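An overview of the molecular structure
Here's the letter readout for the chains.
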2 protein chains.
Amino acid sequence: MQYNVIFQPAGWRGTAIAGKSLLEISREVGVDIEAPCGETGMCGKCKIRVEAGFFESLGITSRLTNLSPITEKERKLLSQEELADQYRLACCSRIQGDILIYVPEQSRAAEQVILESGREKAFVLKPAIAQYSVKLNKPTLEDYRDDFSRIKDALGSGFIQFDKNVDIDYSLLTQLPDILRQNRWQVNVVVWNDSEIIAVQAQGEEGLYGIAIDIGTTTIAASLCDLTTGSIIARESLINSQVRYGDDVISRITYCMMNDDGLSTLNKIIIEDINTLVRRLTKTVGIEPKMVLEMVLVFNTVMHHLVLNINPQYIGSVPFASAIRRSFNVKAKELGIEIAKSGYVHCLPIEAGFVGADNVAVLIAEEPYKQDKMMLVIDIGTNGEINFGNKEGMLSASCATGPALEGAQIKFGMRAAPGAIERVVINGFTKEAEVNTIGESICGSLSSQVAAKGICGSGIIDAVAELFKAGIIRSDGTFNKKIESPRVRQGVDGKFEYVLVWAQDTAIGQDITITQKDVRAVQLAKAALYAGAKILMNKKGVDKVDEVILAGAFGNYINKENALVIGMFPDCDLENVTAVGNAAGEGAKLALMNVDKRAEAEHVAGFIQFVETATESEFQTNFYDAMFFPHAKDTFPHIQQILNTIPI
Amino acid sequence: MQYNVIFQPAGWRGTAIAGKSLLEISREVGVDIEAPCGETGMCGKCKIRVEAGFFESLGITSRLTNLSPITEKERKLLSQEELADQYRLACCSRIQGDILIYVPEQSRAAEQVILESGREKAFVLKPAIAQYSVKLNKPTLEDYRDDFSRIKDALGSGFIQFDKNVDIDYSLLTQLPDILRQNRWQVNVVVWNDSEIIAVQAQGEEGLYGIAIDIGTTTIAASLCDLTTGSIIARESLINSQVRYGDDVISRITYCMMNDDGLSTLNKIIIEDINTLVRRLTKTVGIEPKMVLEMVLVFNTVMHHLVLNINPQYIGSVPFASAIRRSFNVKAKELGIEIAKSGYVHCLPIEAGFVGADNVAVLIAEEPYKQDKMMLVIDIGTNGEINFGNKEGMLSASCATGPALEGAQIKFGMRAAPGAIERVVINGFTKEAEVNTIGESICGSLSSQVAAKGICGSGIIDAVAELFKAGIIRSDGTFNKKIESPRVRQGVDGKFEYVLVWAQDTAIGQDITITQKDVRAVQLAKAALYAGAKILMNKKGVDKVDEVILAGAFGNYINKENALVIGMFPDCDLENVTAVGNAAGEGAKLALMNVDKRAEAEHVAGFIQFVETATESEFQTNFYDAMFFPHAKDTFPHIQQILNTIPI
């Protein structure tokens, strides 16, 4: 008897035989669950939670009784609250029905997500918060100024001409008299945007910290910055805990609409994710979360609304009107974000509809709007954003690529973690494959070649391109059934698949395959990107791009030649194609480090013109033609030599 | 056996015989406790709370066991929580030891405090909040502006040129998409200070409400204003619940210093008082508290700090430095004040040390700084504030008058409520007294002459002045022992006293007297005012005042001739002496109604020069001379005729 098993947040879906333990299943499929005791039920580390309910989109009903009864060991190792919250130990729970499992952060092994930084750019350090060391005169009967004026006057005379309206955070004001006297009138004063005093600290606590966060639909990546030096002193990332309510933004919106407390639920867990990152980042460098005085957030429009606790319903359907477009500042405590009570969160502006602040962040990192040449900037996430133009004008569009290019919703897809296949080469003659996996982290560097557990985004693009170049799949994406190789076979569904790694060479004991469905997912994704790019080029009246920037979490591992071979973007000299990694995170960091970048973001969000591709009459044709590898009609002079070698 | 009994917040202190019920005692001494069932223990309305502990300043130890055991009736009528919180019914509790009783607001009968409005001035209606009716275009694929921009653009084109930086309250933003769509894009938008959208409402909810509150050490008076018409639509007042932690600001500061959670305790109860007033005011006119969009607060410096939850310790001792002097705005919710979530509280600026925003409010109501003539503006509260000058310059000082002139800490003192003696005439020949009491409120007007319960502020000033004019007390405040009248007698302490009302004519069954101690209290209070005024006059180099303004909660009932007879202020033509009532409350109202008055307040607080009288070498001499009626040395040409008729 086989049952459906789904592991969140990894997103693994499949079936398993009745009676197998959840830990066994997780091992086989490459879902990381901590189990240092060797499945003896002694350590209690392999806690998982059963998500109960009928999950329409998955077609399963998950309930606690679909697992074997709770054992004595579990009663000993789990608290009453945990048992009430449907926690189990993965090693003790055997399946006897369909089940949806959530693996909490603390139970996830190999948590070293490959932290992608963007291509780091030189920047001027000009943060919104500045720190001034002041020595005040004690009040006397002659000089009975109030404490606030005393600080303000000292700032005004000693440093810069503050606006007369310089303010002070209310909660700080309530502490001010004691702080000044405890520190004998010698303090460091932190001023935000030359307009509000947000911290008055003992001298000796000179650090000035900020955090930049890129909140993706699937991944949240954060950097802790020392704003006195401009350096990043810690990075952390997490899987967005909202994934258990849906893989993409549309399913999150649907969850909000279908549940009375849906928005509140999704808001709370994303805020908790942010707070988890804040705690980890600050712990790493040995500071308190309250010492972080500013935060910059970038996100797509739906995550923007969910983080801000705004109903996202209306951005989910035509005409996609958001609640607020422009950048704004809000006290962290109003959002429930646990940095300094007086600290601000700066949200970069969003553009329109599905084009969010993350795209604006990509733009301020890459600055196509300052160029003469026509640049195509593609940011690949669960949603793809495309920008095209130069200093004369910029267009942008949003494409529903789905998460395939991130390694999700692919049969053996996984995120870029140890054991993920990141590079693939297929011999055109033997049809044999060679793969590279991401290694374990050993003392900060990665060892090479650990046994494969699955395929990440860059691996998927490589695999499909190599299959095409080897003639195993045709230009229309179908398998060439004439290929004679043990690796090309029919799967259980009768459809063809290619064995990338044989079971004995994997860490999961199964053949890792690329299925027809996987190829289709890649086709749909790349066609959406290509068609979107073409519409923007047509609007600009140009038929070639001078430069291509590929951004995205997987970005700088991508094989750009293979990306062009499958037709992810229109033809371009490969010398002028650059993979820049997480440019959205880089943009967030730049906005944290330099307020001029915030003004630039505001300007760009207004300068760039949004194109709603769904309503363009040519989109369907463009999309259909772009489903082919590399394209049904367009030529690719820069890779023509490669294309010429393809067997069929 | 006699025990000490103290009723708070009325402030009555005295002794009573063992076995008397608290309700009986309260009846005898004129403390109002609700008891509609006629002391049968049926209605449960006479709830009081025992304040337990050792009260050093009172020299008593109060505990629950100093009352008779809890009865069956009480167990029936009081909740478990109330019993745990030491609540009792006054009718069922008989004293068997010293006891400090707090009478909660809901148990107080005759709650109609005489609501003093200031002398109402003509004013221009120009509130900080303005309301605009807008009809927005629905979003379309062509016009996909965000909701916020849609409103901002409509305001900008239809009404006024809003600053580009016009903001929106964050909590309102979270509701904005739903509000706009539920109201089909036709809404009223409320903008605060042309800079922040704080409400977006259904049309038909056109009201625009604000509340002005004068937070005194003893009394809190609030007005609910309709900011579309400029009219006051409801008034309420309360005894400041903090009085049970001390009668004056110094004892409140001491409480904060001696108790770890002292500040938090005092802050919470004053905020709850404000919220009680908000609920009552809005209930009166049938609106919700959340419809109140702005609040203006005035207070002395200590109440300012306590309301804002700032440690008041440092304003309690030299050099009296406050945390913040200038006016500022803070979201009501940050203070825990329950008006609209997005609403602001505006705090008028304080001057220095003990001269608070309430004095600034008096000044913007009376505007001495716009005059040519030299004006003396005296605000009499538990602390007295004195201002002197004209448009060339203003000086101010603060005097520790004590609460005597408000009717507190006087043997039979009480607040200005029904039964309080407010006017006194004593026949110079017969030495007999005639008194006027404040009547019961009947359908909004007051009936005359109810039996006396005690003496309020204006009655005390009258009584002392009349005793002096009748020759019963001498210029130095001592009783003239040669007077032969049954009303002049020695009290139990051996000191002389004057019987103002015989027991049979009172509501309390005791002779109401003016004691030597009472006269001393008035002398100290008036001497502080006079000496302060003289110091300011000397600093200005003038020896006469052109005009005197007497402000204070009792203010417009004061007999200004008698006030001059006892020497509350230097000689002045009585034609130019005006009693204006609660001018601080009037100033708060003006600041609520007109933002220009806020700017004026800010200007005045800087313009006026504070004089610390305690450190002036001449103060002691001035103070000593001013202890005499009307003064040891100064002459009073304008009342010389009256003074000439005094027997001795």
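Residues numbered from 1 in each chain as written. Chains lettered and ligands numbered in written order. Predicted model: local features only at pLDDT ≥ 70, side-chain atom pairs only at ≥ 80, totals over all residues.

In the nomenclature of an unreviewed UniProt entry, chain A is known as Na(+)-translocating NADH-quinone reductase subunit F of Sporomusa silvacetica DSM 10669.

Before going further, it helps to examine the overall build of chain A. A count of helical and extended segments in chain A gives 17 helices and 31 strands. By the compact-globule yardstick of 26 Å for 648 residues, chain A fits well, its C-alpha radius of gyration being 27 Å. If one aligns the C-alpha atoms of chain A with their principal axes, the spans along those axes are about 100 × 70 × 45 Å. Within chain A, the fraction of its 648 residues that count as buried is 51%. Sequence-distant contacts, at least 24 apart, represent 70% of the contacts inside chain A between residues at least 6 apart. (Helix = DSSP H or I, 4+ residues; strand = E, 2+ residues; numbered from the N terminus. Rg over C-alpha atoms; globule rule 2.2 N^0.38 Å. Buried ≥ 20, exposed ≤ 12 C-beta atoms within 10 Å, placed from the backbone. Contact = placed C-beta atoms within 7 Å.)

Turning next to the interface of chain A and chain B. Taken residue by residue, the interface counts 33 residues in chain A and 33 residues in chain B. Secondary structure elements with two or more residues in the side of chain A that touches chain B: helix H4 (147–158) and helix H5 (170–182) of chain A. Per element, the largest residue contribution to the side of chain A that touches chain B is six residues, and it comes from H5 of chain A. Residue composition of the side of chain A that touches chain B, grouped by class: 19 nonpolar, eight polar and six charged. (Nonpolar A, V, L, I, M, F, W, Y, C, P; charged D, E, K, R; others polar.)

Residues and elements named next belong to chain A. With 92% of its residues at a pLDDT of 70 or more, chain A shows a mean pLDDT of 88. Within chain A, strand S24 (residues 445–446) has the poorest average pLDDT of any element, 46, and strand S17 (residues 344–347) the best, 98. Of the regions scoring below 50 in pLDDT, residues 110–116 engages in 21 contacts with residues more than four places distant in sequence or in other chains. Reported confidences for the modelled complex are a pTM of 0.81 and an ipTM of 0.80. (pLDDT = per-residue confidence, 0-100.)

The next point concerns the domain arrangement of chain A. Residue and element names in this part refer to chain A. Each assigned domain of chain A is listed here: domain 1 (2–107), domain 2 (129–202) and domain 3 (210–357). Each of domain 1 and domain 3 has a C-alpha centre, and the two are 29 Å apart. Contacts between the two partners involve seven residues from domain 1, matched on the other side by eight residues from domain 3. Of the residues in the side of domain 1 that touches domain 3, the class split is two nonpolar, three polar and two charged. (Domains from an automatic or database assignment.)

Before going further, it helps to examine the relation of the copies chain A and chain B. The transformation that overlays chain A on chain B combines an axial shift of 0.0 Å with a rotation of 180°, and the residual RMSD is 0.2 Å. Put plainly, the chains are arranged around a two-fold axis. Closest to the rotation axis within chain A is the C-alpha of Glu334 of chain A, separated from it by 5.1 Å. Mapped onto chain B, 100% of the interface residues of chain A again fall at the interface, so both copies present the same surface. (Least-squares fit on C-alpha atoms with pLDDT ≥ 70 in both.)

All names here are of chain A. As a packed pair, helix H10 (residues 357–366) and helix H14 (residues 583–593) sit with axes 7 Å apart at the nearest point and diverge in direction by 75°. Between H10 and H14, the angle falls in the class roughly perpendicular. Where H10 abuts H14, its residues Asp358, Ala361, Val362, Ile364, Ala365 and Glu366 lie against Ala583, Ala584, Glu586, Gly587, Ala588, Leu590 and Ala591. (Axes fitted to C-alpha atoms, helices over the stretch in contact; angles between N-to-C directions. Parallel < 35°, antiparallel > 145°, perpendicular 65-115°, else oblique.)

On to the environment of Phe328 of chain A, then. All names here are of chain A. Here Phe328 shows up in strand S16 (residues 328–331). Phe328 sits in the partly exposed class, given 18 other C-beta atoms within 10 Å. For the pair Phe328 and Glu236, spaced 92 residues apart in sequence, the C-alpha to C-alpha distance is 25 Å.

Here we take up the pairing of strand S1 (residues 2–8) of chain A. Side-chain direction in a regular strand flips from residue to residue, so the side chains alternate between the two faces of the sheet. All names here are of chain A. For S1, a buried count of five out of seven residues is recorded, marking the element as mostly surrounded by other parts of the structure. The pairing of S1 with strand S7 (residues 99–102) spans four bridges and is parallel. Bridge pairing in S7 links Gln8 to Tyr102. (Pairing = 2+ DSSP bridges.)

Next up on the list: the nonpolar core. The nonpolar side chains of a soluble globular protein tend to be buried, and buried together. Formed by 342 residues in total, the largest nonpolar core has its most connected members in Ile213 of chain A together with Ile213 of chain B. Apart from residues lying up to four places away in sequence, Ile213 of chain B is in contact with Ile220, Ala222, Ile274, Leu277, Met295, Leu297 and Ala588 of chain B. (Core = buried A, V, L, I, M, F, W, Y, C linked by C-beta atoms within 7 Å.)

Another aspect to go through is the environment of Gly532 of chain A. Residues and elements named next belong to chain A. If you trace the backbone, Gly532 turns up in helix H12 (residues 516–540). Along the primary structure Gly532 and Phe619 are separated by 87 residues, whereas in three dimensions their C-alpha atoms are 7.6 Å apart. Once you skip the residues sitting within four places of it in the chain, Gly532 turns out to touch Ile386, Ala397, Cys399 and Thr613.

All names here are of chain B. Strands sit in the order S8-S10-S11-S9 across an open sheet of four strands; the sheet is mixed. Two strands close off the open sheet at either side, each with one partner strand: strand S8 (129–135) and strand S9 (167–168). Taken together, the seven bridges between S8 and strand S10 (residues 186–192) define a ladder with antiparallel strand orientation. Looking across to S10, one finds that Gln131 is bridged to Val190. Running at roughly 30° to strand S11 (residues 196–202), helix H5 (residues 170–182) makes contact with S9, S10 and S11 of the sheet.

Residue and element names in this part refer to chain A. Burial along strand S3 (residues 47–50) is one-sided: the residues Ile48 and Val50 are buried and none of Lys47 and Arg49 is. In terms of strand pairing, S3 meets strand S6 (residues 87–89) through three bridges, oriented antiparallel. Residue Ile48 lies in a different strand from S6, and its bridge partner there is Arg88.

Residues and elements named next belong to chain B. Taken in spatial order, the three strands make up an open sheet running S22-S21-S25, and their pairing is mixed. One side of each edge strand has no neighbouring strand; the edge strands of this open sheet are strand S22 (433–437) and strand S25 (454–455). The sheet contact formed by strand S21 (residues 420–426) and S25 spans two bridges and is parallel. Bridge pairing in S25 places Ile421 opposite Ile455. Those strands touched by helix H11 (residues 457–469) are S21 and S25, and its axis lies near 15° from that of S21.

Residues and elements named next belong to chain A. Between H10 and helix H15 (residues 595–607), the least distance of the axes is 10 Å, while the angle of their chain directions is 115°. Crossing of H10 over H15 shows right-handed handedness. Listed contacts from H15 to Val360, Leu363 and Ile364 of H10 are Lys597, Glu600, Ala601, Val604 and Ala605. (Left-handed = near helix turned anticlockwise from the far one by under 90°.)

Moving on: H5 of chain B. Residues and elements named next belong to chain B. Helix length check: H5 (13 residues) gives 19 Å between terminal C-alpha atoms against 18 Å at 1.5 Å per residue, within 8%. Along its length, H5 shows its largest kink, about 50°, at Leu176, and proline Pro177 lies within four residues downstream of that point. Looking only at H5, the buried set comprises Tyr170, Leu173, Leu176, Pro177 and Leu180. Of the residues one or two after H5, Arg184 is the one with positive phi, at around 50°. (Expected span 1.5 Å × (residues − 1). Bend = angle between axes of the 7 residues up to and from the residue.)

The subject of this paragraph is helix H16 (residues 619–626) of chain B. Residues and elements named next belong to chain B. Within H16 the residues assigned to the buried category are Phe619, Asn622 and Ala626. Take H16 and look down its axis: the buried residues cluster within an arc of 65°, on one side only. Opposite its buried face, H16 presents the exposed residues Gln620 and Tyr624, each directed more than 90 degrees away. (Arc of directions from axis to C-beta.)

The residue after Val318 of chain A, namely Pro319 of chain A, is reached through a cis peptide bond having omega 0°. Inspection of the secondary structure assignment puts Pro319 of chain A in the loop between helix H8 (301–307) and S16. Even without glycine at this site, Arg184 of chain A takes up a positive phi of about 50°. Structurally, Arg184 of chain A can be placed in the loop between H5 and strand S10 (186–192). Classification of Arg184 of chain A by C-beta neighbours within 10 Å gives exposed; the count is 12. Phi angles above zero are rare outside glycine, and Asp194 of chain B is one such case at about 55°. With 15 C-beta atoms packed within 10 Å, Asp194 of chain B lands in the partly exposed category.

It is worth spelling out the environment of Glu434 of chain A at this point. Residues and elements named next belong to chain A. Summarising the element assignment, Glu434 is placed in strand S22 (residues 433–437). Look at Glu434 and you get exposed, because 12 C-beta atoms sit within 10 Å. Here the alpha-carbon distance between Glu434 and Met394, two residues 40 residues apart in the chain, equals 41 Å.

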